[in-house]
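Coordinates in review
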Amino acid sequence: MADAEGKPGPHRSGFASFVGRPNAGKSTLTNALVGTKVAITSSKPQTTRTVIRGIVHRPDAQLVLVDTPGLHRPRTLLGERLNDLVTTTWAEVDVVAVCFPANERIGPGDRFLVAELAKVRRTTRVAVVTKTDLATPAQIGEQLLAIQALGVETGTEWAEIVPVSALSGDQVGLLADLFVGMLPEGPPLYPDGDLTDSPEEILVAELVREAALEGVRDELPHSIAVVVEEMGLREGRSEDRPLLDIHAFLYVERQSQKGIVIGHKGSRLRAVGTAARQQIEALLGTPVYLDLHVKVAKDWQRDPRQLRKLGF
Ligand SMILES: Nc1nc2c(ncn2[C@@H]2O[C@H](COP(=O)(O)OP(=O)(O)OP(=O)(O)O)[C@@H](O)[C@H]2O)c(=O)[nH]1
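Residues numbered from 1 in each chain as written. Predicted model: local features only at pLDDT ≥ 70, side-chain atom pairs only at ≥ 80, totals over all residues.

Along the backbone of the protein chain there are 9 helices and 9 strands. Across the 312 residues that make up the protein chain, the buried fraction comes to 36%. Sequence separation of at least 24 residues holds for 68% of the intrachain contacts in the protein chain that already meet a minimum separation of 6. (Helix = DSSP H or I, 4+ residues; strand = E, 2+ residues; numbered from the N terminus. Buried ≥ 20, exposed ≤ 12 C-beta atoms within 10 Å, placed from the backbone. Contact = placed C-beta atoms within 7 Å.)

Following this line, the structure appears as structure tokens:
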């Protein structure tokens, strides 16, 4: 940023995290800010599980976006781990931005979340009204008032309340500017050009998981985990015709779920492989050979050893 004389101000760098109810639009907003698909979006709730960072590089600042899972009432060990992950992240970032969809009323879940966030000290809290393209100006106005009231009710001081649409891009640039203004002065934290510091394997695993859940989410909502076992460029290929070999395991909890994932004569698994491969190729910009295997890891959500192995 420049001061009144046009001189550049100090370089700033730091972390921001979007939180909010499932489907609030956090991943889409992360992508809109970063400009490339790094977080996982879907039309069904609760797909974001891994902490994936997108990095906004600007001449005046580097903003690292941390995409956390939603906060849920824990029912399994996995649920508890996820909640721990969320609160740990809140305490470590410079800005926590709570997302409220413009077209949905504030509910008990939002109240719970904001009240929990109020307990975290030393973090700047921003409220973001998302999906403004889906609401009328009057609805957006009401939402702004409701958020202000929620702030008073929970003892939360909002540094800003900002309406945005990740879809149309409306106010996304302003949101980036506001975030940057809230970051401490400091040098870039990551080398230029890095869009994410998550290992590519994690992104790839998330894309495979997203593809595998498509259409069977109701039957297997939380029962699929994906681990990339091996990933590397095929040897002996010329530089202009690279091929990335990826071997991944899809873990399900029960034998019956294995059948669902594989489908009749393997048809579903093939479709999942094709969909995931296209996504991975788009993300990494390299032709991909994707080899998928389905394995049963009995009750992995409740078993700490399995959870560790699967990266939780
Ligand atoms: N019309 C419109 N739809 C949006 C906008 N942002 C997100 N969506 C849609 O809302 C749905 C949820 O968006 P996500 O970005 O996956 O939401 P999330 O908060 O990351 O969801 P979880 O990962 O489940 O917590 C998707 O279908 C998006 O396409 C927006 O600005 N406008």
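Glancing now at the pairing of strand 5 (residues 124-130). For strand 5, the tally of buried residues reaches 7 of 7 residues, placing the bulk of the element in the interior. With burial as the criterion, each face of strand 5 is covered, one bearing Thr124, Val126, Val128 and Thr130 and the other bearing Arg125, Ala127 and Val129. Note that strand 4 (residues 95-101) and strand 5 share 7 bridges and pair parallel. Its bridge partner being in strand 5, Val98 is matched across the sheet by Ala127. Handedness of the strand 4-helix 3 (residues 108-119)-strand 5 crossover: right-handed. Here strand 5 pairs with strand 6 (residues 158-163) via 5 bridges, running parallel. Across the sheet, the residue bridging to Ala127 is Ile161, located in strand 6. Assessed by its sense of winding, the connection that carries the chain from strand 5 through helix 4 (residues 137-154) to strand 6 is right-handed. (Pairing = 2+ DSSP bridges. Right-handed = clockwise from strand over helix to strand, strands pointing away.)

Our next topic: the confidence of the model for the protein chain. Confidence in the prediction of the protein chain, expressed as mean pLDDT, is 81, and 78% of residues score 70 or more. With pLDDT under 50 throughout, residues 40-50 is counted as low confidence; its partners more than four residues away or in other chains account for 25 contacts. We note a pTM of 0.63 for the whole complex and an ipTM of 0.98 for its interfaces. (pLDDT = per-residue confidence, 0-100.)

On to the nonpolar core, then. The biggest cluster of nonpolar side chains holds 39 residues, and the ones touching the most others in it are Ala16, Leu63, Ala97, Val98, Cys99 and Val128. Among the elements that line this core, the one with the most residues is strand 4, at 6 residues. Filtering out sequence-adjacent residues up to four positions away, Cys99 remains in contact with Phe18, Val19, Gly20, Ala24, Gly25, Lys26, Leu29, Val128 and Thr130. (Core = buried A, V, L, I, M, F, W, Y, C linked by C-beta atoms within 7 Å.)

Moving on, we get to the sheet that holds strand 7 (residues 225-233). The sheet built from 3 strands is open, its strands ordered 7-8-9 with mixed pairing. Each edge of the open sheet is held by one strand with a lone partner, namely strand 7 and strand 9 (288-296). Neighbour-to-neighbour, the strand axes of the sheet open up by a mean angle of 15°, direction not taken into account. In this structure, strand 7 lies alongside strand 8 (residues 244-252), joined through 8 bridges in antiparallel fashion. Bridge pairing links Val226 to Leu250 in strand 8. Relative to the sheet, helix 8 (residues 267-284) contacts strand 8 and strand 9, its axis offset from that of strand 9 by approximately 135°. (Axes fitted to C-alpha atoms, helices over the stretch in contact; angles between N-to-C directions.)

Positionally, Ala146 belongs in helix 4. Given 16 C-beta atoms within 10 Å, Ala146 falls into the partly exposed group.

A few words on helix 5 (residues 172-181). Among all positions of helix 5, only Leu175, Phe179 and Val180 are buried. For helix 5, the arc enclosing every buried residue in end-on projection is 135°, short of the 170-degree limit, so these residues lie on one face. (Arc of directions from axis to C-beta.)

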